[in-house]
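Next come the chains, spelled out residue by residue.
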Amino acid sequence: MGANLQNPFHILLVEDEPVIRELVRSMLSDGAVEVVCAANGIEGLKLAKSRPFQLVLMDVVLPQLDGISVCRMLKSDPSTSKVPVYMLTAKSKKSDMESATMAGADGYIQKPFKGAELMALVDRLRRVV
């Protein structure tokens, strides 16, 4: 994959569905990529501010605080505003995508997603870090 192997590429996954959390974690985690998971929006927001991540993957529909709101908060905070946020969601209406973009999301991956699509995104972002 390339990039700097001494420092793992840290991904925050904010997803309330345990099966999807485990699927993404097992798909992306290797010695050079570490996936940290949060089960709801508030936990995701706290984790995102607690340590540096190179990518945030976030569901839109989350308990306690939805993904669009979390994205807006992360993008408005100078300490997290530069971290790419990709929405990972089954919501596929044009208005859903526009809401995510207006909140500052860097991309939108629809569920069911292809593993290759997610791995290609991580590979691409690791090359720029």
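Residues numbered from 1 in each chain as written. Predicted model: local features only at pLDDT ≥ 70, side-chain atom pairs only at ≥ 80, totals over all residues. Heavy atoms only, no water.

As annotated in an unreviewed UniProt entry, the chain carries the name DNA-binding response regulator and is attributed to Archangium gephyra.

Engineer: In this structure, what is going on with the UniProt feature "modified residue: 4-aspartylphosphate" (unreviewed entry) in the chain? I would like to understand it.
Structural biologist: Using the residue numbers shown here, the UniProt feature "modified residue: 4-aspartylphosphate" (unreviewed entry) corresponds to Asp59. Its place among the elements puts Asp59 in the loop between strand 3 (55-58) and helix 3 (67-76). Discounting residues that sit within four places of it in the chain, Asp59 has contacts with Val14, Glu15, Asp16, Gly67, Met87, Leu88, Thr89 and Lys111. A distance of 3.5 Å separates the side chain of Asp59 from the backbone nitrogen of Val61, its partner in a polar contact. (UniProt positions renumbered as here; feature names shortened; annotations may be inferred. Helix = DSSP H or I, 4+ residues; strand = E, 2+ residues; numbered from the N terminus. Contact = heavy atoms within 4.5 Å. Polar contact = N/O pair within 3.5 Å; in protein donor to acceptor, adjacent residues only side chain to side chain.)

Engineer: For this particular structure, what's the right way to read the packing of helix 3 against helix 4 (residues 94-103)?
Structural biologist: For any two helices packed against each other, the geometry is given by the interaxial angle and the distance between the axes. Remark: helix 3 packs on helix 4, axes separated minimally by 8 Å, with the N-to-C direction vectors making an angle of 20 degrees. Relative to helix 4, the element helix 3 lies roughly parallel. Considering only the axes of helix 3 and helix 4, their crossing is right-handed. Facing helix 3, whose interface residues are Ile68, Cys71, Arg72 and Lys75, helix 4 presents Ser99, Ala100 and Ala103. Class assignment for the residues of the contact of helix 3 with helix 4 results in 4 nonpolar, 1 polar and 2 charged. (Axes fitted to C-alpha atoms, helices over the stretch in contact; angles between N-to-C directions. Parallel < 35°, antiparallel > 145°, perpendicular 65-115°, else oblique. Left-handed = near helix turned anticlockwise from the far one by under 90°. Nonpolar A, V, L, I, M, F, W, Y, C, P; charged D, E, K, R; others polar.)

Engineer: When you look at the pattern of salt bridges in this model, what are you seeing that I'm missing?
Structural biologist: Where charged atoms from two side chains of opposite charge approach closely, those side chains can pair. Under the definition given, this model contains 8 salt bridges. Residue Arg25 is joined to Glu22 by a salt bridge in which the shortest nitrogen-to-oxygen separation is 3.6 Å. You can see Arg25 and its partner Glu22 sitting in helix 1 (residues 18-28), 3 residues apart, about one turn around the helix. Residue classification places Arg25 among the partly exposed positions, given a relative accessible area of 32%. By relative accessible area, which is 44% here, Glu22 ends up partly exposed. Ionic pairing is found between Lys91 and Asp96, a salt bridge with its closest N-O pair at 4.0 Å. A single network of salt bridges, built from pairs that share partners, joins Glu15, Asp59 and Lys111. (Salt bridge = Lys/Arg side-chain N within 4 Å of Asp/Glu carboxyl O. Buried < 20%, exposed > 50% of the residue type's maximum accessible area, 1.4 Å probe, protein only.)

Engineer: Quick question: what am I supposed to make of the sheet that holds strand 4 (residues 85-89) here?
Structural biologist: Two pairing modes exist for strands in a sheet, parallel and antiparallel, and in both the strands are linked by backbone hydrogen bonds. Pairing in this open sheet of 5 strands is parallel, and the strands run 2-1-3-4-5 from one edge to the other. Across the chains shown, the open sheet's two edge strands, defined by having one partner strand only, are strand 2 (33-38) and strand 5 (107-110). Between one strand axis and the next, the sheet turns by 20 degrees as a mean value, whatever way the strands run. Bridge count for strand 4 against strand 5 is 4 bridges, and the pairing is parallel. Paired with Met87 across the bridge in strand 5 is Tyr108. Against the sheet, helix 1 touches strand 1 (9-14), strand 2, strand 3 and strand 4, its axis set at about 170 degrees to strand 2. (Pairing = 2+ DSSP bridges.)

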